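Now for the letters of each chain:
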Amino acid sequence: MITKVRKAVFPAAGLGTRFLPATKAQPKEMLPLVDKPLIQYGVEEAMHSGVQNIIIVTGRGKSAIEDHFDVSFELEQLLESRNKKDLLATVRAVSDMINVAYVRQKEALGLGHAVLRARELVGAEPFAVILSDDVIDSDTPCLRQLLDVYEFYGASVVALLEVPKENISAYGVVDAERVGHNGGRDRLYRIRNMVEKPKANEAPSNLAIIGRYVLTPEIFESLESIEPGSGGELQLTDGLKHVLRSRPIYGYRFEGTRYDAGDKLGFLRATVEFALKRYDLGEEFRSYLKALPL
Ligand code: UTP
């Protein structure tokens, strides 16, 4: 029997240096796309994928994330007294949304280190990892797509994205072979090897790992046993590579559009496209953009 995934870990303890100065006193995960913080998009994706328990790995200066998912009595009272029912419902929906637990990463020692901090809360069961600065717009939530593969094979699955050669060195890159069967999907790969941030001419493929994972609990032992890698950080990719010695890992080239909202240009793209899709803003925003002297 394949154990169901019940928990999603959100590493949110990084320093967000690519977005300074905005991230000096404010977590990157709280930057809003239109009117919703990045991390809320990720949490909603987990919920819509059927994963109800959220574990957020936070660090120094991240208390705004905890406040965001907490009840705000003063704000609710004020909205109630002014009879702002819609806004009240929006605010309540956020705190009612999730069953959330927090764990601290005292120092930003890498994504692998952040995931390892969640070990006690996850326990010996499979779990999801969502990096909330990778925002994914898709019909079926990206995490749900990965869970479908996990529920078939009972093995770890990572989200893959085709990336142009000139950008590949920013990612963990896989060496993988297509898996032909399984309903004729051409999106599924079995991973042979992976490398964190390879030089462009040494990358084993153009398939990069992006911020969605379903992991079996062996990853914790692997992360405990490896040394820091690229950039002196404990890398999740290196932990996965260690798991590969004894277990299969799959990659799924997900359907959807991914925005790197942790990067300024990616964030701007996501802002424009999400605003254009909004029923309450889209039309007016489109007219505004069209009138710009570009
Ligand atoms: P990034 O690679 O985007 O790093 O982390 P960062 O520090 O957040 O941002 P930049 O590159 O300096 O601008 C990917 C994810 O892993 C988390 C981050 O919060 C982000 O969600 N992370 C990274 C941690 O939780 N801890 C770490 O030590 C490193």
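The coordinates are above.
Residues numbered from 1 in each chain as written. Predicted model: local features only at pLDDT ≥ 70, side-chain atom pairs only at ≥ 80, totals over all residues. Heavy atoms only, no water.

Some remarks on the packing of aromatic side chains
Then step 1. Scanning all chains against the criterion turns up 7 aromatic pairs.
Then step 2. Taken together, a centroid distance of 5.2 Å and an interplanar angle of 80° make the contact between F19 and F267 edge-to-face. Linking F19 in the loop between β1 (7-11) and β2 (32-33) with F267 in helix α10 (residues 264-277), this pair joins segments that are 248 residues apart in sequence.
Then step 3. Relative to F274, the ring of Y41 has its centre 5.3 Å away and its plane inclined at 90°; by these criteria the two rings are edge-to-face. Here the residue Y41 occupies a position in helix α1 (residues 38-48), and F274 occupies one in helix α10, the gap between them amounting to 233 residues. With respect to class, Y41 is no different from F274; both count as buried.
Then step 4. An aromatic cluster is built from Y41, Y259 and F274, whose rings are joined through pairwise contacts.
Then step 5. Taking the ring centre of Y41 as reference, the NZ or CZ of K36 above it sits at 4.6 Å. (Phe/Tyr/Trp six-rings, centres within 6.5 Å; stacked < 30°, edge-to-face > 60°. Helix = DSSP H or I, 4+ residues; strand = E, 2+ residues; numbered from the N terminus. Buried < 20%, exposed > 50% of the residue type's maximum accessible area, 1.4 Å probe, protein only. Lys NZ or Arg CZ within 6 Å of the ring centre and 35° of its normal.)

Regarding helix α9 (residues 236-244)
Then step 1. Within the sequence span of α9, burial applies to L236, T237, G239, L240, V243 and L244. Looking straight down α9, one finds its buried side chains confined to an arc of 160°; they lie on one side. (Arc of directions from axis to C-beta.)

Thoughts on the site of the ligand
Then step 1. Close to the ligand lie 18 residues, the nearest being T17, R18, K28, Q105 and G110.
Then step 2. At 2.9 Å, a backbone N or O of G14 approaches an oxygen atom of the ligand.
Then step 3. Taken by itself the ligand offers 560 Å² of open surface, and the protein chains cover 83% of this.
Then step 4. Of all the cavities here, the one that holds the ligand is the largest pocket.
Then step 5. When the residues that make up the shell around the ligand are grouped by side-chain class, the tally is 9 nonpolar, 5 polar and 4 charged. (Near = heavy atom within 4 Å. Polar contact = N/O pair within 3.5 Å; in protein donor to acceptor, adjacent residues only side chain to side chain. Areas by Shrake-Rupley, 256 points an atom, 1.4 Å probe, with all protein chains shown as cover. 1 Å grid on protein atoms, 1.4 Å probe; cavity = no way out; pocket = protein on both sides within 12 Å on 5 of 7 lines; lining within 4 Å. Sits in = over half its atoms within 2 Å of the grid points. Nonpolar A, V, L, I, M, F, W, Y, C, P; charged D, E, K, R; others polar.)

Quick word on the layout of surface pockets
Then step 1. By volume, the largest pocket is sized at about 1,200 Å³.
Then step 2. Around the largest pocket sit 43 residues that line it, and R18, K28, L131, D133 and K197 are the ones nearest its centre.
Then step 3. Elements represented by at least two residues in the lining of the largest pocket include exactly α5 (111-117), β8 (156-162), β11 (207-215), α9 and β13 (257-260).
Then step 4. In terms of residue count, β11 provides more of the lining of the largest pocket than any other element does, 4 residues in total. (Points joined across faces, edges and corners; volume = space filled by probe spheres on them.)

A look at the nonpolar core
Then step 1. Core analysis: the biggest nonpolar cluster contains 41 residues, and F10 and V43 have the highest contact counts within it.
Then step 2. Among the elements that take part in this core, helix α7 (residues 142-153) stands out by supplying 6 residues, more than any other.
Then step 3. Membership of the second largest hydrophobic core comes to 34 residues, among which are I55, M194, F220 and L236. (Core = buried A, V, L, I, M, F, W, Y, C linked by side-chain atoms within 4.5 Å.)

Notes on the packing of helix α3 (residues 73-81) against helix α4 (residues 85-97)
Then step 1. For the pair α3 and α4, interaxial distance at closest approach is 9 Å and the crossing angle is 155°. If you check the angle between α3 and α4, you find them roughly antiparallel. When you trace α3 past α4, the crossing you get is left-handed. Counting all contacts with α3, which are made through L75, E76, L79 and E80, the residues of α4 involved are L87, L88, V91, R92 and S95.
Then step 2. Of the residues that constitute the contact of α3 with α4, the class distribution is 5 nonpolar, 1 polar and 3 charged. (Axes fitted to C-alpha atoms, helices over the stretch in contact; angles between N-to-C directions. Parallel < 35°, antiparallel > 145°, perpendicular 65-115°, else oblique. Left-handed = near helix turned anticlockwise from the far one by under 90°. Contact = heavy atoms within 4.5 Å.)

Note that all results are geometric; they support no functional claim without further evidence.
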